[in-house]
Structures are given as structure tokens and as C-alpha cells.
Amino acid sequence: MYLKKLTTPSAPNLNNIRLITLNQLKIDKKKLGEGEFAAVYAAKLILGENSDKKFPVAAKLIHPAADLSHSIEYVRF
Ligand SMILES: Nc1ncnc2c1ncn2[C@@H]1O[C@H](COP(=O)(O)OP(=O)(O)OP(=O)(O)O)[C@@H](O)[C@H]1O
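Definitions and cut-offs
- Residues numbered from 1 in each chain as written.
- Predicted model: local features only at pLDDT ≥ 70, side-chain atom pairs only at ≥ 80, totals over all residues.
- Heavy atoms only, no water.
- Pairing = 2+ DSSP bridges.
- Helix = DSSP H or I, 4+ residues; strand = E, 2+ residues; numbered from the N terminus.
- Axes fitted to C-alpha atoms, helices over the stretch in contact; angles between N-to-C directions.
- UniProt positions renumbered as here; feature names shortened; annotations may be inferred.
- Buried < 20%, exposed > 50% of the residue type's maximum accessible area, 1.4 Å probe, protein only.
- Contact = heavy atoms within 4.5 Å.
- Near = heavy atom within 4 Å.
- Polar contact = N/O pair within 3.5 Å; in protein donor to acceptor, adjacent residues only side chain to side chain.
- Areas by Shrake-Rupley, 256 points an atom, 1.4 Å probe, with all protein chains shown as cover.
- Nonpolar A, V, L, I, M, F, W, Y, C, P; charged D, E, K, R; others polar.

In the nomenclature of an unreviewed UniProt entry, the chain is known as Protein kinase domain-containing protein of Acrobeloides nanus.

Okay, here's the thing in C-alpha cells:
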């Protein structure tokens, strides 16, 4: 039996990614939903020179024990 890789995920476009520090994210206790690998919480993104701008966002927290290797698809022959 062989396991053949079907698809290789394409690399994300890093030009559109903004890195933030954890203290710029205030995560609410309110869980919005849950997937197989992560839970999604309501959060506020804090920006601005005086941390005076707050934007509502969804924060996806990956389960510590999540095995992301399953996200690559395989098929049996
Ligand atoms: N931006 C958002 N606003 C509100 N709720 C959201 C948002 N993103 C995700 N959710 C909620 O969280 C749930 C899980 O979202 P997620 O993106 O993790 O789904 P998934 O891709 O199926 O998960 P996984 O990849 O872990 O299997 C969704 O079904 C939805 O209820």
C-alpha cells in the first residue's frame, strides 16, 4: 500500500500579513465557535500610539495537542 500526497498547500502571501504582539490582542471569554483544530474567540485588536484604537476581531486559538499534519491530504492506492 502507498500513501501518495495529493496536494501541496501553496505558500501564503506574506505581504498582507501584519505581525502583532500578544499584548495587542485582548481575548474575550466568549467562544464564538470551535473547529477540529482550534477554538475561535471574540477579541479586540489594540492599535494606535496610545493603544486607543480597538477593533473587534476573531482569534483562532489552536488546540495545544492539535496534530496539523492531518491537514495534508493523502489518498490510498
Ligand atoms: N470571524 C468569525 N466570526 C464569528 N465566528 C467565527 C469566525 N470564524 C470562525 N467562527 C466560528 O468558529 C467556528 C470554527 O471556525 P474555524 O475557522 O476554526 O472552522 P474550521 O475551519 O472548520 O476549523 P478547523 O480547521 O479547526 O477544523 C465556526 O464554525 C464559527 O462558528
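Attention now moves to the sheet that holds strand 4 (residues 53–62). Across the sheet, which stays open at both edges, the three strands sit in the order 2-3-4 with antiparallel pairing between neighbours. The sheet terminates laterally at strand 2 (25–34) and strand 4, the two strands that pair on one side only. The mean inter-strand angle of the sheet, taken between neighbouring strand axes irrespective of direction, is 30°.

A few words now on the pairing of strand 2. Of the strand pairs in this sheet, strand 2 and strand 3 (residues 38–47) are connected by six bridges, and their pairing is antiparallel. Counterpart to K31 in the pairing with strand 3 is Y41. Joining the antiparallel neighbours strand 2 and strand 3 is a turn of three residues.

Using the residue numbers shown here, the UniProt feature "binding site: ATP" (unreviewed entry) corresponds to K60. By secondary structure assignment, the location of K60 is in strand 4. Judged by its relative accessible area of 63%, K60 is exposed. Every residue in contact with K60, bar those within four places of it in the chain, is listed here: A38, A39 and V40.

Surrounding the ligand, one finds L32, G33, E34, G35, E36, F37, A38, V40, A58 and K60. E36 has a polar backbone atom sitting 2.9 Å from an oxygen atom of the ligand. If the ligand stood free it would expose 620 Å²; the protein chains cover 46% of that surface. Listed by contribution, the elements that provide at least two residues to the shell around the ligand are strand 2, strand 3 and strand 4. In terms of residue count, the dominant contributor to the shell around the ligand is strand 2 (three residues). Of the residues belonging to the shell around the ligand, the class tally is five nonpolar, two polar and three charged.

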